[in-house]
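If you want the building blocks of each chain, they are given just below.
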Amino acid sequence: MAKLMVLTLLGLGLALFRDHRSSYLTRMNAFREIKPVELPNCKLVKGIESGSEDLEVLHNGLAFISTGLKYPGIKVFEPDKPGKILLMDLNEEDPTVLELRITGSNFDLSSFNPHGISTFTDEDNTVYLLVVSHPDLKSTVELFKFQEEEKTLLHLKTIKHKLLPKINDIVAVGPEHFYATNDHYFVDTYLTFWEMYLGLAWSYAVYYSPNEVQVMASGFDFANGINISPDGKYVYIAESMAHKIHVYEKHANWTLTPLKSLDFDTIVDNISVDPVTGDLWIGCHPNGMKVFFYDPENPPGSEGEGTISHQVVCQKRVKEKKETAGTTYKMSKWSSNNFTLFYS
Ligand SMILES: [Ca+2]
Ligand SMILES: [Ca+2]
């Protein structure tokens, strides 16, 4: 009888494991293969050898790029070097990157580990750059003032909060005001692995201001990129492991009401919003297993989904629009190449 019980429990355990394994592989999009496509108008920008995580373009065509992210489970190309913020001028014929020097006495450069970034331009044209960083795998938001003449970032403040334990991306709505995604509930690497493997969907998005911090949306299976429409009425959140982009209506008191969700056959990451048309451009990973189990002979690749204007999103005509937009694929030697760039 005891043996039967043990066998039954073992069988149940194995069935549960098999179910989770199969669901995990589907959520990772492990069976997706892509063919490399030559993009004739694409050029390799030199000087970003350790990958590029996120990008923000100002109205004048200056772009900030975060590079050198060290994220548990993902291949790091320069493990001994801190991360950097690069500047690129998209008005140039053949744009190059320049490392922005960071100034400010209280900032520890050696542990700078930049992840998602966002900018806020004040009424007096002061540009603030907000950067998610993971010093010693913790989560902070570093607030900088961009000094264009000197090509420097003046460090103003480090923001930490118990509701910001595992930040991935932010979208600034003021100099010290932002929405942020936590990509996991847990901080400990071992627990985050189980959280992701079991698909607990405990990740969440927060509104932060110096006076108020509140969870605004939850139940995500890896909340990742976050952005806002140019008119400030809609907030978009990428749910990586569910392959969805969620659209929320933003209210005057900063709360969010879910409007709709869009499905993709890819792991959605950072979201860029065209400031003129409101189109979304989403950096995506076709196959998550290749990102987490990096093989230089079989690199993960990246792709972009584009032209989903928020008007279209709200009129529920996304599918038709998406098909006409087309999808671009590009094999990349980098494991994280999570943004899609637009500027014209
Ligand atoms: Ca961002
Ligand atoms: Ca991201």
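What you see is a predicted model, and the numbers here were worked out from it, not measured in a lab.

Cut-offs used in this document
Residues numbered from 1 in each chain as written. Chains lettered and ligands numbered in written order. Predicted model: local features only at pLDDT ≥ 70, side-chain atom pairs only at ≥ 80, totals over all residues. Heavy atoms only, no water. Donors = N, O, S within 2.8 Å, 3.2 Å for Na, K, Ca; no water. Helix = DSSP H or I, 4+ residues; strand = E, 2+ residues; numbered from the N terminus. Buried < 20%, exposed > 50% of the residue type's maximum accessible area, 1.4 Å probe, protein only. Core = buried A, V, L, I, M, F, W, Y, C linked by side-chain atoms within 4.5 Å. Pairing = 2+ DSSP bridges. Axes fitted to C-alpha atoms, helices over the stretch in contact; angles between N-to-C directions.

Peer 1: How do you make sense of the coordination of the calcium ion (ligand 2) when you look at a structure like this?
Peer 2: Listed as protein donors to the calcium ion (ligand 2) are E53 (OE), N168 (OD1), N224 (OD1), D269 (OD) and N270 (OD1); their distances from the metal cover 2.3 to 2.9 Å. Mapped onto the sequence, the donors of the calcium ion (ligand 2) take the spacing E-x114-N-x55-N-x44-D-N. Of this pair, E53 sits in strand β1 (residues 52–57) while N224 sits in strand β14 (residues 223–228), and the two are 171 residues apart along the sequence. The exposure class assigned to N224 is buried, which follows from its relative accessible area of 3%.

Peer 1: What is the right way to read the nonpolar core from this model?
Peer 2: For soluble globular proteins, the rule of thumb is that nonpolar side chains tend to be buried together. One finds F64, I85, L129, F144, F146 and L153 to be the most contacted residues of the largest nonpolar core, which totals 16 residues. Elements supplying a minimum of two residues to this core: β2 (62–67), β3 (84–89), β7 (127–133) and β8 (140–147). By residue number, the principal contributor to this core is β7, which donates three residues. Ranked by size, the runner-up nonpolar core spans 15 residues in total, among them Y128, L130, I167 and Y208.

Peer 1: Would you explain unusual backbone geometry in this entry?
Peer 2: Trans peptide bonds make up most of the peptide bonds, and negative phi angles are found at most residues other than glycine. Residues other than glycine seldom take positive phi values, yet D136 does so here, at roughly 50°. Relative to the elements of secondary structure, D136 occurs in the loop between β7 and β8. With a relative accessible area of 64%, D136 lands in the exposed category. For W254, which is not a glycine, the phi torsion comes out positive at approximately 75°. The topology assignment puts W254 in the loop between β16 (244–250) and β17 (256–263).

Peer 1: Explanation requested: the sheet that holds β2 in the structure shown.
Peer 2: Whenever strands of a sheet pair, they do so through backbone hydrogen bonds, lying parallel or antiparallel. The four strands are arranged β1-β2-β3-β4 in an open sheet whose pairing can be described as antiparallel. Strands at the two margins of the open sheet, each flanked by one partner only, are β1 and β4 (97–99). Going across the sheet, the axis of each strand differs from the next one's by a mean of 30°, ignoring polarity.

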